[in-house]
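# Architecture at a glance
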Amino acid sequence: MSAFPHARYLKGAHEPSQFVADTGVEVVFAGRSNSGKSSAINAITQRHGLAKTSKTPGQTQLINFFELEDGRRLVDLPGYGFAKVPRPLQAHWKGLLETYFKSRESLKALFLIMDARRPLGDQDWQMIEYSHSCGRAVHLLLTKADKLSRSAGASTLARVRREVEGRASAQLFSTPAKTGVEEARRALKRHLNSKEPSVGEPTLGEAGPTLETRGQ
Ligand SMILES: Nc1nc2c(ncn2[C@@H]2O[C@H](COP(=O)(O)OP(=O)(O)O)[C@@H](O)[C@H]2O)c(=O)[nH]1
Ligand SMILES: [Mg+2]
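Criteria and thresholds
- Residues numbered from 1 in each chain as written.
- Chains lettered and ligands numbered in written order.
- Predicted model: local features only at pLDDT ≥ 70, side-chain atom pairs only at ≥ 80, totals over all residues.
- Heavy atoms only, no water.
- Helix = DSSP H or I, 4+ residues; strand = E, 2+ residues; numbered from the N terminus.
- Expected span 1.5 Å × (residues − 1).
- Buried < 20%, exposed > 50% of the residue type's maximum accessible area, 1.4 Å probe, protein only.
- Arc of directions from axis to C-beta.
- Contact = heavy atoms within 4.5 Å.
- Pairing = 2+ DSSP bridges.
- Right-handed = clockwise from strand over helix to strand, strands pointing away.
- Salt bridge = Lys/Arg side-chain N within 4 Å of Asp/Glu carboxyl O.
- 1 Å grid on protein atoms, 1.4 Å probe; cavity = no way out; pocket = protein on both sides within 12 Å on 5 of 7 lines; lining within 4 Å.
- Points joined across faces, edges and corners; volume = space filled by probe spheres on them.
- Nonpolar A, V, L, I, M, F, W, Y, C, P; charged D, E, K, R; others polar.

A separate point is helix H4 (residues 150–163). Between its first and last C-alpha atoms H4 spans 20 Å; for 14 residues at 1.5 Å apiece the expected length is 20 Å, and the two agree. For H4, every residue scored as buried is listed here: Gly153, Thr156, Leu157 and Val160. Taken end-on, H4 shows its buried residues confined to a sector of 100°, consistent with a single buried face. Looking at H4, the residues exposed on the side facing more than 90 degrees away from the buried face are Ser151 and Arg162. Tucked inside the fold, the buried residues of H4 contact strand S6 (137–143) and strand S7 (169–172).

Quick look at the structure:
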């Protein structure tokens, strides 16, 4: 039985006008390309093929909206870390992402997917700081934990938790070993059921933070 038997793809947005109506609650998933984001989404929702897993990075920069339950959505951002996107498109993407984070009242939390073997890269930090400063909860999934020994996994988790203390929660995750899948699902459901108001406006500095984009 799927955790979200009625999950379905709604649409991809390339412009704010294409965002689905800003009602209900949503949680956004982001991460470096190849970090295991699509695999994690499929494992957590138990809907294989909901987010396509792929070995080749795509160029399409859409904010993809999925409905998990009535009024509860999962939003999938394209993976970052590939510097092949032409500059005008990078600028467009940055603007789209900033509009999304600043204006989206239904957005409660960011799930950030990182390969446990190389967590907290520059762009991961940018996403954490940006989302945190916009008042959104941040939950880190350290994926591919099966590639680390148990003790290396535990020490990585402890180090990451120390570094993000006060800004994010973190856990180990592995799709093939099923590590942390239940924990991640509970965290997702907790955020989807959150009654906390979202704070849309950034709270750091005059103009607020901006996202740097160095390609996707
Ligand atoms: N060993 C291992 N491989 C994984 C895990 N999650 C994803 N992968 C593999 O990593 C590659 C990228 O996964 P994918 O989910 O498409 O990553 P995305 O680009 O972030 O969406 C694929 O070959 C997956 O099979 C994991 O937890 N453990
Ligand atoms: Mg993917």
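What follows covers the pairing of S7. Relative to S7, S6 runs parallel, the two sharing four bridges. Bridge assignment links Leu140 to a residue of S7, and that residue is Ala170. Taking the sense of rotation as the criterion, the β-α-β connection linking S6, H4 and S7 turns out right-handed.

By the definition in use, this model includes 11 salt bridges. When the shortest N-O distance is used, the salt bridge between Arg73 and Glu26 registers 2.6 Å. Of this pair, Arg73 sits in strand S4 (residues 72–76) while Glu26 sits in strand S2 (residues 25–31); the two residues are 47 residues apart in sequence, bridging distant segments of the chain. Judged on exposure class, the residue Arg73 and its partner Glu26 are both buried. Where Arg185 meets Glu182, a salt bridge forms, and the shortest distance between an N and an O atom there is 3.1 Å. With Arg185 and Glu182 both in helix H5 (residues 181–192) and three residues apart, this pair spans about one turn of that helix.

With 17 residues, helix H2 (residues 87–103) ought to run about 24 Å at 1.5 Å a step, and its terminal C-alpha atoms sit 24 Å apart, in line with that. Where H2 is concerned, the buried positions are Gln90, Trp93, Leu96, Leu97, Glu98, Tyr100 and Phe101. Residues of H2 that are buried in the fold lie against strand S1 (8–13), S2, strand S3 (63–69), S4, strand S5 (107–115) and helix H3 (122–133).

Here we come to the layout of surface pockets. Approximately 170 Å³ is the volume found for the second largest pocket. Around the second largest pocket, the lining residues are Ala145, Asp146, Leu148, Ser149, Arg150, Gly153, Ala154, Leu172 and Thr179. For the lining of the second largest pocket, the leading source of residues is H4, giving three residues. Tallied by class, the residues present in the lining of the second largest pocket amount to four nonpolar, three polar and two charged.

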